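Residues per chain are reported as follows:
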Amino acid sequence: MPASPPALDLDTAARLRASIGRLSRRLRPTAAGAAAGLTATRISVLFTINRLGPIRLSELAEEEGLNPTMLSRVIADFADAGLVTRVSDPGDRRAALVETTAAGRRLCARMRAERTDVLEVALARLDGADRRAVERALPVLEELAQGLKGRHG
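As the structure is a prediction and not an experimental result, all values here were calculated from the model.

1. Some remarks on unusual backbone geometry
Part 1 of the argument: Looking along the chain, the bond that leaves Gly 53 and enters Pro 54 is cis, with omega of 0 degrees.
Part 2 of the argument: With respect to the element layout, Pro 54 can be found in the loop between helix H3 (40–52) and strand S1 (55–56).

Here it is, written out as structure tokens:
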């Protein structure tokens, strides 16, 4: 009979959630996003369009957990700013798809690079053992994130 995994300390999930939340909040602001006047929600929507687009608005609303009215306003603002474009869905001419423009892709790349640079500086401040511990934890954290995919709330 295989041994069962050890029980989690009751505090582990709460500490992990709090740490991930702090990391997320501290990585969220970027100079490029601020210059574009983007809120955290709008940055998330733009990244999702960039990653999954072209995407239907209904799918985007579900992915982001936003109501369609709010999302329509965000998309209209993005289109006005030249960050996204609307295209007809070839499978259903009544539906529209959105995708990032070259300007939208460049903005996403700048924000991603800024966040990566901030993390690289923070990681460089850690001693070698702690950096290796972070590296060893990455596959487990990636699996944990995948397991939570599609969960809203």
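2. With respect to the pattern of salt bridges
Part 1 of the argument: Within the structure shown, the criterion is met by 5 salt bridges.
Part 2 of the argument: For Glu 63, the salt bridge goes to Arg 51, with nearest N and O atoms at 3.6 Å. You can see Glu 63 sitting in helix H4 (residues 57–64) and its partner Arg 51 sitting in helix H3, a full 12 residues away along the chain.
Part 3 of the argument: Since its relative accessible area comes to 34%, Glu 63 is described here as partly exposed.
Part 4 of the argument: Taking relative accessible area as the criterion, Arg 51 reaches 53% and is therefore assigned exposed.
Part 5 of the argument: Three or more residues are tied together by salt bridges with common partners; here these are Arg 56, Asp 89, Asp 92 and Arg 94.

3. A few points about the environment of Arg 94
Part 1 of the argument: Tracing the chain through its elements places Arg 94 in strand S3 (residues 92–100).
Part 2 of the argument: Assessed through its relative accessible area of 77%, Arg 94 is described here as exposed.

4. Focus on the side chain of Thr 30
Part 1 of the argument: Within the secondary structure, Thr 30 sits in the loop between helix H1 (12–27) and helix H2 (31–35).
Part 2 of the argument: Here the side chain of Thr 30 touches Gly 33 through a polar contact of 2.9 Å, landing on its backbone nitrogen.
Part 3 of the argument: When neighbours within four sequence positions are excluded, Thr 30 is seen to be in contact with Met 111, Glu 114 and Arg 115.

5. Considerations on the confidence of the model for the protein chain
Part 1 of the argument: Averaged over all residues, the pLDDT of the protein chain equals 91, while 96% of them reach at least 70.
Part 2 of the argument: Mean pLDDT values over the elements of the protein chain span from 89, in S3, up to 97, in helix H6 (residues 102–125).

6. Focus: the sheet that holds S1
Part 1 of the argument: As summarised here, the arrangement of the 3 strands in space is S1-S3-S2, forming an open sheet in which the pairing is antiparallel. Looking along the sheet, the strands with just one partner apiece sit at the ends: S1 and strand S2 (84–89).
Part 2 of the argument: Those strands touched by H3 are S1, S2 and S3, and its axis lies near 110 degrees from that of S3.

7. So, the packing of H3 against H4
Part 1 of the argument: One way to put it is that H3 packs onto H4 with a least axis distance of 11 Å and a crossing angle of 125 degrees. Judged by the angle between their axes, H3 and H4 are oblique. In the crossing of H3 with H4, the sense of the turn from one axis to the other is right-handed. Of H4, the residues touching H3 (which contributes Ser 44, Val 45, Thr 48, Ile 49, Arg 51 and Leu 52) are Leu 60, Glu 63 and Glu 64.
Part 2 of the argument: The residue makeup of the contact of H3 with H4, split by class, is 4 nonpolar, 2 polar and 3 charged.

8. Re the pairing of S3
Part 1 of the argument: One ladder, built from 2 bridges, connects S1 with S3; its direction is antiparallel. Each bridged residue has a counterpart across the sheet, and for Ile 55 the counterpart in S3 is Val 98.
Part 2 of the argument: Pairing of S2 with S3, which is carried by 6 bridges, proceeds in the antiparallel orientation. Paired with Ser 88 across the two strands is Ala 96, which belongs to S3.

What counts as what
Residues numbered from 1 in each chain as written. Predicted model: local features only at pLDDT ≥ 70, side-chain atom pairs only at ≥ 80, totals over all residues. Heavy atoms only, no water. Helix = DSSP H or I, 4+ residues; strand = E, 2+ residues; numbered from the N terminus. Salt bridge = Lys/Arg side-chain N within 4 Å of Asp/Glu carboxyl O. Buried < 20%, exposed > 50% of the residue type's maximum accessible area, 1.4 Å probe, protein only. Polar contact = N/O pair within 3.5 Å; in protein donor to acceptor, adjacent residues only side chain to side chain. Contact = heavy atoms within 4.5 Å. pLDDT = per-residue confidence, 0-100. Pairing = 2+ DSSP bridges. Axes fitted to C-alpha atoms, helices over the stretch in contact; angles between N-to-C directions. Parallel < 35°, antiparallel > 145°, perpendicular 65-115°, else oblique. Left-handed = near helix turned anticlockwise from the far one by under 90°. Nonpolar A, V, L, I, M, F, W, Y, C, P; charged D, E, K, R; others polar.

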